[in-house]
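Listed here are the chains, written in short residue letters.
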Amino acid sequence: MANVIKLHKGLDIHLQGKAEEKLIQLKSNGQYALVPDDFEGVTPKVVVKEGDVVKAGDALFVNKQYPEVRFASPVSGKVCEVVRGERRKVLCVKVQADAEQQFVDYGKKDVAKMNGQQVVDALLEAGIFGYINQLPYAVSTNPSVMPKAIFVSALRDKPLAGNFEFEAKGEEANFQTGLTALSKIAKTYLGCGVHSSFENYKDVDINVFDGKCPAGNVGVQVNNIDPVNKGEVVWTIGDPTVVLFIGRLLNTGKVDLRRRVALCGSEVKAPAYVDMLVGEELSTLLSNSYDADHCVRIINGNVLTGRPTTKEGFLGAHTSEITVIPEGKDADEILGWILPRFKQFSVNRSYFSWLCGKKDYALDARIKGGERHMIMSGEYDKVLPMDIYGEYLIKAIIAGDIDRQEQLGIYEVSPEDFALAEFVDSSKLELQRIVREGLNILRKENA
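The paragraphs below set out a description of the structure included in this document.

Parameters at a glance
- Every residue gets a number counted from 1 within its own chain, in the order that chain's sequence is written.
- Side-chain atom pairs in this predicted model are given and counted only at pLDDT of 80 or more, local residue features only at pLDDT of at least 70, and totals for whole chains, interfaces and linings cover all residues.
- Hydrogens and water are ignored here; the side-chain numbers use all heavy atoms of the structure.
- Here is the rule: rings of Phe, Tyr and Trp (six-membered ring for Trp) pair when centre to centre is within 6.5 Å. Planes less than 30 degrees apart are stacked, more than 60 are edge-to-face, and the remainder are tilted.
- Runs of E in the DSSP output that reach at least two residues are strands. Runs of H or I that reach at least four are helices, and both are numbered from the N terminus.
- Note on exposure labels: buried denotes an accessible area under 20% of the residue type's maximum, exposed denotes more than 50%, and partly exposed covers the range between, all computed with a 1.4 Å probe on protein chains only.
- In this analysis, two residues are considered to be in contact whenever any of their non-hydrogen atoms come within 4.5 Å of each other.
- For two strands to be treated as a pair, DSSP must find at least two bridges joining them.
- When a carboxyl oxygen of Asp or Glu lies within 4 Å of a side-chain nitrogen of Lys or Arg, that pair is called a salt bridge.
- Two cysteine sulfurs form a disulfide in these notes if their separation is within 2.5 Å.
- Between N or O atoms, a polar contact is any pair within 3.5 Å; within protein, one atom must be a potential hydrogen donor and the other a potential acceptor, and residues adjacent in sequence are included only when both atoms are from side chains.

## Quick notes on the packing of aromatic side chains
- A full pass over the atoms with the stated rule returns 15 aromatic pairs.
- Judged by centre distance (6.5 Å) and plane angle (65°), the rings of F39 and F61 are edge-to-face. With F39 in the loop between β3 (31–34) and β4 (44–46) and F61 in strand β6 (residues 59–63), this pair connects stretches of sequence that are 22 residues apart.
- According to the relative accessible area criterion, F61 is buried, its value standing at 0%.
- Arranged with centres 5.0 Å apart and planes meeting at 85°, the rings of F39 and Y131 form a pair that is edge-to-face. Taken together, the residues F39 in the loop between β3 and β4 and Y131 in the loop between α1 (116–126) and β10 (133–135) connect sequence positions 92 residues apart.

## A closer look at the side chain of D425
- If you trace the backbone, D425 turns up in the loop between α10 (419–424) and α11 (431–446).
- Ignoring any residue separated from it by four or fewer positions in sequence, one finds D425 in contact with E379, Y380 and L431.

## Here we look at the pairing of β6
- Buried residues dominate β6, accounting for five of its five residues.
- As paired strands, β4 and β6 are joined by three bridges and run antiparallel to one another. When the sheet's bridge partners are listed, P44 is paired in β6 with N63.
- Two strands pair when backbone bridges link them, and β6 and strand β7 (residues 70–72) are joined in this way by three bridges, in the antiparallel orientation. By the bridge assignment for β7, V62 is matched with R70.

## Let's talk about the pattern of salt bridges
- Within this structure, the stated rule accounts for 24 salt bridges.
- The partner of E171 in a salt bridge is R258, and the shortest N-O contact between them spans 3.6 Å. Of this pair, E171 sits in the loop between α2 (164–168) and α3 (172–185) while R258 sits in strand β16 (residues 258–264), and the two are 87 residues apart along the sequence.
- Residue classification places R258 among the partly exposed positions, given a relative accessible area of 30%.
- One salt-bridge network, held together by shared partners, links R156, E167, D239 and R259.

## Some words on the state of the cysteines
- In this structure the tally under the stated criterion is zero disulfides.
- Left without a disulfide partner, C80 is nearest to the cysteine sulfur of C92, which lies 8.7 Å away.
- C213 provides the cysteine sulfur closest to C264, a residue in no disulfide bond, and the two sulfurs are 14 Å apart.

## Details of the sheet that holds strand β12 (residues 149–153)
- Taking strand neighbours across the sheet as the criterion, the seven strands line up as β1-β14-β13-β12-β15-β10-β11 in an open arrangement whose pairing is mixed. Taken across any chain shown, the strands that pair with only one partner, and hence form the sheet edges, are β1 (3–6) and β11 (139–140).
- Direction of pairing for strand β13 (residues 188–193) relative to strand β14 (residues 205–210): parallel, over a ladder of five bridges. From the neighbouring strand, G193 faces β14, where its bridge partner is F209.

## A short note on α1
- For α1, the full list of buried residues reads G116, V119, V120, A122, L123, L124 and A126.
- If you follow the buried residues of α1, they end up packed against β7, α3, β15 (234–237) and α5 (241–252).
- With a side-chain oxygen positioned 3.2 Å from the backbone nitrogen of Q117, the residue opening α1 is N115.
- Backbone geometry just after α1 places G127 at a positive phi near 80°.

## Focus: the sheet that holds strand β5 (residues 53–54)
- Sheet architecture is open: four strands sit in the order β3-β9-β8-β5, paired in antiparallel fashion. Only two strands of the sheet have a single partner each, and these edge strands are β3 and β5.
- Summarising the sheet, strand β8 (residues 77–84) and strand β9 (residues 90–97) pair through seven bridges and their orientation is antiparallel. Its bridge partner being in β9, V83 is matched across the sheet by C92.

## Things to note about the environment of V261
- Structurally, V261 is set in strand β16.
- For the pair V261 and V220, spaced 41 residues apart in sequence, the C-alpha separation works out to 24 Å.
- Filtering out sequence-adjacent residues up to four positions away, V261 remains in contact with A272, Y273, V274, M276, L315, T319, S320, E321 and I322.

## Topic: the side chain of N223
- Tracing the sequence through the fold places N223 in helix α4 (residues 218–225).
- Among the polar contacts made by the side chain of N223, one reaches the main-chain amide nitrogen of D387 at a distance of 2.9 Å.
- Once residues lying within four places of it in the same chain are set aside, the contact partners of N223 are P385, M386, D387, I388 and E412.

Given below as structure tokens:
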């Protein structure tokens, strides 16, 4: 019987352009790239060079700190470029895919007969272990410290988020195998939404979260089930497609990094789903999908936590949506802020749109205001369903007071937990960046 957890804080933002549950077929142009920045906390060491021929599942780079953590190529083909930025930072490793795909065969596994260490070894060997994250620090985990528990969230509730139930349709066996494998490592919790089909899976503790966004955040679920204290480690999978990666590996012996991506946003002509591989070039997906004359923001991910990108970008390792919204630079509004704004969304009823009832909005990427002094107004607490004082924690991070940060629960949070707080923040602070910098400093201090 699933445990139901009712959350009373949060905010659902209803946007135009939600993907219709239909699948469109696209032919890839053959360009793929694995981006180290998609794996937070990883310092990459490239183990291939230009001209090398790789199979799908061969390592392209490893984590310099933990060389056993490899990152597999999504396709077979020729390594065409290792792109570097300032101070020779590795930006991505590009592969030109073969017409006929070749896979490294890691052998099928009977997960029922495996122990936790064998599961970890199988994921390390195949180069998909790095897709699992951890708390504290919200970084890609390492195999040297075993977790007290593993948390998987199958609930996507951010604006325009892709429906994982639609993605997992037909892959129930792989999802079950992945969950069983994780349960061999440590006690595993699966979080899902109300009326979800995921309540029937075995070998895991099912928790139903009944509440508004960000109930689907894995950090929120950890905080409401088994909070992380100093010295403890939990592994987190906020992207449930990673469980499918694990299940496919153990059931077939091959690395299959295919994922179902929602092409969404108010600027998209026909929002729908498409099957893509991690690292696939976005030009295939975005050609003719929106009006090229419009000034748009293309986001690799969702509108709250995704990164701005271009048609020449590549699908992120944890990306389940490609979102296209108006940039807003060409917006020409007479009287500016004093307009009644029936078509704009406001949390605190500053606009008259609240008189129109529940509706979907076509919001743009403008901040609508500059950074200003932080006012202790309780704004963050209204949208943060965690047992922490968000505003005080942000102030402690800005002040660099590590003892205060620890007392206020920094080990329990990740940047995405503050995405909604950033959206409602009247001070216009970049809260996700602030939290990430605070976590990075704390991680360095405790190393």
